[in-house]
Every structure is written in C-alpha cells, then in structure tokens.
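Structural description and commentary
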Amino acid sequence: MIELKMNMIQTVGLAVIVLLVGRILRKQVKFFENYCIPSPVIGGFLFAIINLISYKAGFLSIKFDITLQSFFMTIFFTSVGFNASWKLLKIGGKKVATFLIASIGLVIAQNITAIGVGKLLGLNAILSLMTGSTPMTGGHGTSAAIAPLAENLGASGASTVAIATATFGLIAGSSLGGPLANRLIKKHNIAIKPETTKEEKLKNDEFLFGINNKILDGEKFTKAFFIILVSMFIGSYVSIFLNKFLNFPSYIGPMLVAALLRNISDHTDKFNLHYEEIRILEDVSLNLFLGMAMMTLKLWELTGLALSLSLLLIAQVLLAYLYIYHITFRLMGKNYDAVVLSAGHMGFGLGATPNGIANMQSFSDKYAYSNVAFFVLPIVGALFIDFFNISIISLFLSWLQ
C-alpha cells in the first residue's frame, strides 16, 4: 500500500479543492440543494468515499496534518461567541426567549436519549453522545469540532458517527417538518391566520446584523480578524483556568471572551467589533475546518456499528417529533405561528437553521406567511443556540469522563 503524507499546507489546499467540488455538485444536483447539504459536506464526503475505496483495496493510505483544522475551528467558535448578545435577546421579546428555552430543552433531551439508548445497546457512552445534540441541533460544524474531543477520550469512530448522524439529520429534519405541521393544523383545528405583532415591523437583517450593504472596508476586515485573534489569545488562558475544574474544549474560553466583548460593545459606541466582517471570517473558517474534517473521515470505522447507529438515529427522530409536537407547539402559543415554528424547529433541531427556514418557507407557501416565525427562528438559530448547545455538550463530556 502506498502511504501519502500531506503537510498542513497541502491539507488545507486539498480542503479548498474539496469545497469547490462540493459547490459545483450542489448547483448541479437538486437533492443537495433541496436538503440544504453544505458544500464542504458534499465534496468532503465524496473524497472520504474515494479514500475508503482506495484504503480497502490496499492501494493508498493518506495521512493528513490537521493542525490548521484546529486553528480554523477556534476562529469559527470564537466568531459564534460574538453572536451571544443579551441586548438582542431582550429586544427580541418573549417569543424569542421562549423558543430559545424550547430549543435548549430539546438539546438536553437529545443528549440524555443518546446516552440512554446507547447504554441499552452496550455502546460507549461518549460515542453514543455523538448522536445527540452534537450532530442534531449542532449540525456538521459542531460535529466536526466536538467529535475529535470524544475520540481523544477513547470513543473510536466518533467523528464518522457524528458526521453520518448530522447528514442523516439534515434529510430527516427537512422531510418531517411539513408532515408534522400539517398534523398539528388538522389535530388542533388551527385557524390559518398569523398574528400581527411588533416583531412584524422589524427588519431581520438590519436588526440582527446591522447590514447596510456597505462595501467591505479592508481596514475594518483587518481589525475584525485581530479582534478574533486577541479573543482567542485571552480565551486560551480562560480555558486553562476552566479546565482546572472541568474538562472543556479549548475553544470554550475564546467563545466566552467573545461573548463578553459583544455585550460590552452593545452598551458603548466607542467599541466597534465590525460584526459584518466577523461573520465573513466565521463563514470562511467554518467552510475550511469542515472541509478538512469531512475529507479526513475514516468511514471504515462504521463497520459493525450499522445496526446500533440506525437504532440511535430512529430514537432521535422520534424524540424530536414528539418533543416538538407536544412541547414546542404548546410553548409557542398553540396557534398558526406556533405551527410554522414547529415545522422550522423540526428542520433546525435535526439539521441546521437553513433547513428550518426552508421548512417554514415550504409550509408558508401552502398556507400563509408567519412574520413571527420568520423573525424568531433565525435569531435563535443564528445568534444563540450554538453558544448554549456547545456549553451543554461540554458539560455532558465532562460528566462522562
């Protein structure tokens, strides 16, 4: 067998090629577009399959230097920290806070279910946890970040399990949102009439991000990058301190520092964080580290886990359906807006925010548009849930050690 060693420059270069291939395939294949499969996942998974075939055939074994994967991952989660604004949560009102609580409840339930079902199947608890909120509510980005930590704790194959589960979740969440909402409409005889509230008057993009279509400024972009790096620097020491008490991922400290800076910035005009530039860096870093995580998957590690993984996935789908049907719908008011949000939560709770929005859009095209739903879900999905989800997962990992 030929052994090919790729240094960190070659690895990140290949990740870019994989990403570009994924983008081309996403435009060409309707299935990928319909289910909002990310480009790095498409290209990376395709490469992982080719790698699997060459490895099993005894032809080629590739060893990657993933040093930069950790770097880009930390940039991404530091950027996520800048979204955790208490001021925006308060402005969003009761509906946003309530949906965030419902989403956090599902996160906790997903992790408990994963560990419980895994225990019944005789699986490693940390490996089972990789079918919980890490891939479901967290999606591929959180999976690619958390799974290596699980592997370091002895859960062999955690990355492959988490990524496979995240891919399944995208498809399941997109497929079940509409049927769940239709059942709620018929079961509860919901009047198809969205409520008109003060949220309707807010422009989401301007409210969430302050986007004003200005041309990006090179100096602001540089400052945004420096702010992220300084947050990572200070946050690394915060992580060292926290790890004296519990074993948290290395990016928890930078994420907390970023959240603190965001909330300081919200209360002063003298401290501009350049959010639009930070969002671009967040997107770039996510694509790069996710592309590297996908293409380095060892798919052969799924051998022998097929039946157990299938049962864990079925358990997660049933949990999400029942939780959203009985809890999210009731918490959000048991009206038409709650129905649309439930459809969104199905895509969001099993896949990603774009899947949730796509579910709501599809359902609204059939019935009526809900301004409340399209205001609430993007705020929770884009600004808050990753912060809480990662913190909760970290607590579960610390508890299981």
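Presented here is an overview of the structure given in this document. Fair warning: this is a prediction, and the values are worked out from it, not measured in the lab.

1. Remarks on the pattern of salt bridges
In total, this model carries 2 salt bridges according to the counting rule given. Across the pair K223 and E219 runs a salt bridge, and its minimum N-O distance is 3.5 Å. Placement of both K223 and E219 in helix α11 (residues 218–242) is noted, with a separation of 4 residues, approximately one turn of the helix. Taking the relative accessible area as the measure of exposure, E219 reaches 52% and is therefore exposed.

2. Details of α11
With 25 residues, α11 extends 35 Å from end C-alpha to end C-alpha; this agrees with the ideal 36 Å at 1.5 Å per step. Every buried residue of α11 is listed here: A224, I227, I228, S231, M232, G235 and S239. Elements that come into contact with the buried residues of α11 comprise α4 (67–81), α12 (252–265) and α13 (275–295).

3. Some points on the environment of N287
Relative to the elements of secondary structure, N287 occurs in helix α13. We classify N287 as buried; its relative accessible area is 11%. Among all residues touching N287, those that are not within four sequence positions of it are L19, R23 and P40.

4. Details of the packing of α11 against α12
At a closest axis distance of 6 Å, the pairing of α11 and α12 adopts a crossing angle of 120°. As the angle between them shows, α11 and α12 are arranged oblique. Crossing hand, α11 versus α12: right-handed. For the pair formed by α11 and α12, the contact residues are S231, M232, I234, G235, S236, V238, S239 and L242 on the first element and I252, G253, P254, L256, V257, A258 and L261 on the second. Residue composition of the contact of α11 with α12, grouped by class: 10 nonpolar, 5 polar and no charged.

5. Brief notes about helix α16 (residues 353–366)
Across its 14 residues, α16 extends 20 Å between first and last C-alpha, which sits within 8% of the 20 Å expected from 1.5 Å per residue. Among the residues of α16, T353, N355, G356, N359, M360, F363 and S364 are the ones counted as buried.

6. Thoughts on a nonpolar patch on the surface
Together, L121, L307, L311, I314, L318 and L322 make up a nonpolar patch on the protein surface, roughly 560 Å² of accessible area in all. Looking at the secondary structure, you find L318 in helix α14 (residues 306–331). Judged by relative accessible area, which is 53%, L318 ranks as exposed.

7. Focus on the side chain of T74
Note on placement: T74 falls in helix α4. When near neighbours in sequence (up to four residues on either side) are disregarded, T74 contacts M232, Y251 and P254.

8. What to know about the nonpolar core
Residues F77 and M130 are the most contacted members of the largest nonpolar core, which totals 118 residues. In terms of residues, this core owes the most to one element, helix α17 (residues 371–400), which gives 17 residues. Beyond its immediate chain neighbours, meaning those up to four positions away, F77 contacts G141, T142, A145, Y251, M255, F289 and I390.

9. As for the environment of I146
Here I146 is to be found in helix α8 (residues 139–152). Under the relative-accessibility criterion, I146 is labelled buried at 0%. Placed 12 residues apart in sequence, I146 and T134 show a C-alpha to C-alpha distance of 7.1 Å.

10. Some remarks on unusual backbone geometry
Positive phi outside glycine occurs at N189, with the angle close to 50°. Relative to the assigned elements, N189 resides in the loop between α9 (158–187) and α10 (204–209). On the accessibility criterion, N189 (67% relative accessible area) is exposed. A positive phi angle, close to 55°, is found at K334, a residue other than glycine. Following the sequence through the fold, K334 ends up in the loop between α14 and α15 (336–350).

11. Concerning the packing of aromatic side chains
When we look at a pair of aromatic rings, we describe it by the centre distance and by the angle of the planes. Applying the stated rule across the entire model yields 14 aromatic pairs. Against the face of Y275 rests R262, its NZ or CZ located 4.1 Å from the ring centre.

Conventions we followed
Residues numbered from 1 in each chain as written. Predicted model: local features only at pLDDT ≥ 70, side-chain atom pairs only at ≥ 80, totals over all residues. Heavy atoms only, no water. Salt bridge = Lys/Arg side-chain N within 4 Å of Asp/Glu carboxyl O. Helix = DSSP H or I, 4+ residues; strand = E, 2+ residues; numbered from the N terminus. Buried < 20%, exposed > 50% of the residue type's maximum accessible area, 1.4 Å probe, protein only. Expected span 1.5 Å × (residues − 1). Contact = heavy atoms within 4.5 Å. Axes fitted to C-alpha atoms, helices over the stretch in contact; angles between N-to-C directions. Parallel < 35°, antiparallel > 145°, perpendicular 65-115°, else oblique. Left-handed = near helix turned anticlockwise from the far one by under 90°. Nonpolar A, V, L, I, M, F, W, Y, C, P; charged D, E, K, R; others polar. Patch = residues over 30% accessible without salt bridge, like charges linked within 9 Å, V, L, I, M, F, W, Y side chains within 5 Å. Areas by Shrake-Rupley, 256 points an atom, 1.4 Å probe, with all protein chains shown as cover. Core = buried A, V, L, I, M, F, W, Y, C linked by side-chain atoms within 4.5 Å. Phe/Tyr/Trp six-rings, centres within 6.5 Å; stacked < 30°, edge-to-face > 60°. Lys NZ or Arg CZ within 6 Å of the ring centre and 35° of its normal.

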